[in-house]
Amino acid sequence: AQSHHIPLYIEIVEKINHINLNPIEITRIIGILMDNAIEASKSITNPMIRLAFIKQEDSVLIVLINKIDQSEPIKLHEIYQEGYSTKEENQGLGLTIVRNIVNRCANVSLNTKIHSHHFIQELEIKNEVTT
């Protein structure tokens, strides 16, 4: 983000002692989501990315928000399909990897939405697995 002059804000209000997810998987998810946010931000006016870690009673919520250009609508129902990409060269594997990790982990959920020219990813990691 810094090399592309994209403002990045990171918020961690309360100390988080533990996140109930393998460190490699959480790093992979956040890395893919951040890469996508940076890529989407490179081509817009006044880009901005926010990353927040929010401690909740029974989970940790990680929220990533980036501004988007809505001149070309994003089809949320398609973005997690293998091969879907807004980039050239058929990259399109990142969000499929994210979806596969989320589907494998019973305590993890991902909510994706668009609101007021912002692309919002909410990754919730429960402290315990619920059945």
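Relevant structure appears above.
Predicted, not measured: the structure shown is a model, and the values here were computed from it. Within each chain, residues carry numbers counting from 1 in the order of the written sequence. Where totals are concerned, whole chains, interfaces and linings use all residues; where local detail is concerned, this predicted model gives features only for residues with pLDDT of at least 70, and gives and counts side-chain atom pairs only at 80 or more. The side-chain numbers reported here are obtained from all heavy atoms of the structure, hydrogens and water having been left aside.

Draft legend 1. Main features of the environment of arginine 104. For arginine 104, the location among the structural elements is in helix α2 (residues 94-104). At 2.7 Å, the side chain of arginine 104 forms a polar contact with the side chain of glutamate 25. Put simply, DSSP marks the helices as runs of H or I at least four residues long and the strands as runs of E at least two long, and each gets a number from the N terminus on. Any pair of nitrogen or oxygen atoms within 3.5 Å is treated as a polar contact; in protein, a donor-acceptor pairing is required on top of that, and neighbouring residues in sequence qualify only through side-chain atoms on both sides.

Draft legend 2. Seen up close, the side chain of serine 59. You can see serine 59 is positioned in strand β3 (residues 59-67). Of note is the side chain of serine 59, whose polar atom sits 2.8 Å from the side chain of glutamate 124. What serine 59 contacts, discounting residues up to four positions off in sequence, is Ile54, Glu124, Ile125, Lys126 and Asn127. Pairs of residues are marked as contacts when any of their non-hydrogen atoms sit within 4.5 Å.

Draft legend 3. Quick look at the sheet that holds strand β5 (residues 118-126). Two strands are said to pair when DSSP picks up at least two bridges between them. Taken together, five strands build an open sheet; the order of strands is β1-β2-β3-β5-β4 and the sheet is mixed. Edge positions in the sheet fall to β1 (8-12) and β4 (108-115), since each has one partner strand and no second. Each strand of the sheet is rotated relative to its neighbour by a mean of 10 degrees, with strand direction disregarded. The sheet contact formed by β4 and β5 spans eight bridges and is antiparallel. What sits directly across from isoleucine 114, in β5, is phenylalanine 119. Each axis is a line fitted through C-alpha atoms, and for a helix only the stretch in contact is used; angles between axes span 0 to 180 degrees, taken between their N-to-C directions. Against the sheet, helix α1 (residues 23-41) touches β1, β2 (49-55), β3 and β5, its axis set at about 15 degrees to β3.

Draft legend 4. A look at the pattern of salt bridges. The working definition used for a salt bridge is a side-chain nitrogen of Lys or Arg within 4 Å of a carboxyl oxygen of Asp or Glu. Following the criterion strictly, the structure yields six salt bridges and no others. Across the pair arginine 50 and glutamate 11 runs a salt bridge whose closest N-O atoms are separated by 3.3 Å. One end of the pair, arginine 50, is in strand β2; the other, glutamate 11, is in strand β1, with 39 residues separating them in the sequence. Salt-bridge contacts for glutamate 122 lead to lysine 113; the nearest nitrogen and oxygen are separated by 3.4 Å. Here's how the labels work: a residue is buried when its accessible area is under 20% of the maximum for its type, exposed when over 50%, partly exposed in between, all with a 1.4 Å probe on protein chains only. Of the residues examined, lysine 113 reaches a relative accessible area of 33% and is grouped as partly exposed. Members of the salt-bridge network, linked through shared partners, are Asp58, Glu124 and Lys126.

Draft legend 5. Geometry of the packing of α1 against α2. Where α1 meets α2, the axes come as close as 9 Å, and the angle between the chain directions of the two elements is 145 degrees. Two packed elements cross with a definite hand, and for α1 against α2 that hand is left-handed. Residues Glu25, Arg28, Ile29, Ile32, Leu33 and Asn36 of α1 touch α2, and the partners they reach there are Gly94, Leu95, Ile97, Val98, Ile101, Val102 and Arg104. Of the residues in the contact of α1 with α2, the class split is eight nonpolar, two polar and three charged. A crossing counts as left-handed when the near helix is turned anticlockwise from the far one by less than a right angle, and as right-handed when that turn is clockwise. Polar here means any residue outside two lists: the nonpolar Ala, Val, Leu, Ile, Met, Phe, Trp, Tyr, Cys and Pro, and the charged Asp, Glu, Lys and Arg; Gly therefore counts as polar.

Draft legend 6. Layout of the pairing of β3. The buried count for β3 comes to seven of nine residues, which makes it a mostly enclosed element. Note: β2 against β3, seven bridges, orientation antiparallel. Considered in β3, the bridge of leucine 51 is made with leucine 64. A loop of three residues connects β2 with β3, the two strands running antiparallel in sequence. Across nine bridges, the pairing between β3 and β5 is antiparallel. Of the residues in β5, the one forming a bridge with valine 63 is glutamate 122.

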